[in-house]
Amino acid sequence: MKLKILLFLITLTLLNCKYQNTSLYIGTYTSGASEGIYKLDFNTKTGVLSNSKLVATTENPSFIAYSPNKKFIYAVGEGGNGTVSSYQIQDNGALKFLNTVDTFGGAPCHVSVNKAGTKVVVSNYVGGNFAIYHVNNDGSLSDAYQVFEHNSSEQKSHAHSAQFVNKQLIVADLGRNSVYRYETKDDENYKLKDSSLIEMSENAGPRHFSLTKDGKFLYIINEYASTVTAAKNTDDSFELINNYSTLSNDFKGNNSCADIHLSDDERFLYASNRGENSIAVFKRDTKTGRLEKTQNKNVHGDWPRNFTIDPSGKFLLVANKKSNNICVFNIDSDTGTLSFLHSTDLPSPVCLLF
């Protein structure tokens, strides 16, 4: 009888551990010790990272994205001749290579997938353009069927991120200091609707952005200005709410902002500072969209290019590129503020994907 109880408790413990663990995939730069895309196990109860494995050998997978069903991963190859690759996720978490296609622009730095999982868009930083692809039935990518050029004779484009939003495609162009909006009427071909979705301050450098789930509020992280631009959607256009500094009042050095995320309940907003090496924490008024900065938390590393919030919403993880580590922070559920838990070494981490 005692043996049966013991076996039952062991089985229950194993099942509980399995339930608590989720996969974290990491995109990296491979100019140093890194060899490609890595996977770690993350415990959503304790915040512990473990069991680091190289799951795909590839050059400079600096940004990676899931398909909506999480059966596939798409990874840019940020090299001279840009590429984007597709992988099928195996039962053991390893990645099976499917195919690689051209991005038609140098240094692709961002990839995203539409909600239906039928289209992929890649932004080319050096190329100054972005490309749209069909997803084939097996998860592989077609050749690009649309490529949009943002460069002009007067101004160099640096397309930095793009997201599908219903029948629209929103593109942040750091070089042109503008956020573009494209639309489709046939769910196929996109056409430019607006080359200035929201008026940006001079030399702001829009890099990434987050939209609220209802689409009413837009938050843009500005690399050059070290600010977050908050805007409200009114009658199919966006009006500026305000620009908010991401830096501590006493910081005097050079800084470049990188990433931005809303908490799942949208009560808090987070932004990363490369230079100050911090995460700026904002409390968000869910009715007006206004922000109030409550914390600048040291990332316990150097050059936080990307960060993410885990599926439980209890932890925030930061990829510190130059110090070769991933740091885990606990999120206070009442205030949204961060407290440091621990650090895990990994070469040149720049993108974290749950």
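Scroll up to find the structure this text is about.
We now turn to the structure provided with this report. (Residues numbered from 1 in each chain as written. Predicted model: local features only at pLDDT ≥ 70, side-chain atom pairs only at ≥ 80, totals over all residues. Heavy atoms only, no water.)

**Re the packing of aromatic side chains**
One pass over the full model with this rule turns up 10 aromatic pairs. When the centroid spacing of 6.5 Å and the interplanar angle of 70 degrees are considered together, the rings of Tyr244 and Phe282 count as edge-to-face. Taken together, the residues Tyr244 in strand β19 (residues 237-245) and Phe282 in strand β22 (residues 278-284) connect sequence positions 38 residues apart. Among the aromatic side chains, those forming a connected cluster through ring pairs are Phe42, Phe315 and Phe354. One residue, Lys322, lies across the ring of Trp303, its end atom 4.0 Å from the ring centre. (Phe/Tyr/Trp six-rings, centres within 6.5 Å; stacked < 30°, edge-to-face > 60°. Helix = DSSP H or I, 4+ residues; strand = E, 2+ residues; numbered from the N terminus. Lys NZ or Arg CZ within 6 Å of the ring centre and 35° of its normal.)

**With respect to the pattern of salt bridges**
By the definition in use, this model includes 10 salt bridges. With its nearest N and O atoms 2.8 Å apart, the salt bridge here joins Lys167 to Asp187. Here Asp187 lies in the loop between β14 (178-184) and β15 (190-194) and Lys167 lies in the loop between β12 (159-165) and β13 (168-173), a separation of 20 residues in the sequence. Glu183 is paired through a salt bridge with Lys193; the nearest N and O atoms lie 3.2 Å apart. In this pair, Glu183 sits in strand β14 while Lys193 sits in strand β15, placing the two residues 10 residues apart along the sequence. Assessed through its relative accessible area of 38%, Lys193 is described here as partly exposed. A cluster of three or more residues bridged by salt bridges with shared partners is formed by Arg181, Glu183, Lys193 and Asp236. (Salt bridge = Lys/Arg side-chain N within 4 Å of Asp/Glu carboxyl O. Buried < 20%, exposed > 50% of the residue type's maximum accessible area, 1.4 Å probe, protein only.)

**A short note on the pairing of strand β8 (residues 108-113)**
Burial within β8 is extensive, with six of its six residues counted as buried. Bridging between β8 and strand β9 (residues 119-124) involves five bridges; their strand directions are antiparallel. Counterpart to Ser112 in the pairing with β9 is Val121. Count of turn residues in the β8/β9 antiparallel hairpin: five residues, of which Gly117 carries a positive phi of about 75 degrees. (Pairing = 2+ DSSP bridges.)

**A look at the nonpolar core**
Residues Tyr25, Ile37, Leu95, Val111, Val120 and Tyr133 are the most contacted members of the largest nonpolar core, which totals 29 residues. In terms of residue count, the dominant contributor to this core is strand β5 (residues 72-77) (five residues). Counting 15 residues, the second largest nonpolar core, distinct from the first, contains Phe217, Tyr219, Ile260 and Phe282. (Core = buried A, V, L, I, M, F, W, Y, C linked by side-chain atoms within 4.5 Å.)

**A look at the environment of Val179**
Mapped onto the elements, Val179 comes out in strand β14. Note on Val179: relative accessible area 1%, which makes it buried. Along the chain, Val179 and Ile220 lie 41 residues apart, while their C-alpha atoms are 9.1 Å from each other. Excluding its chain neighbours within four sequence positions, the residues that come into contact with Val179 are Ile170, Val171, Asp194, Ser195, Ser196, Leu197, Met200, Pro206 and Ile220. (Contact = heavy atoms within 4.5 Å.)

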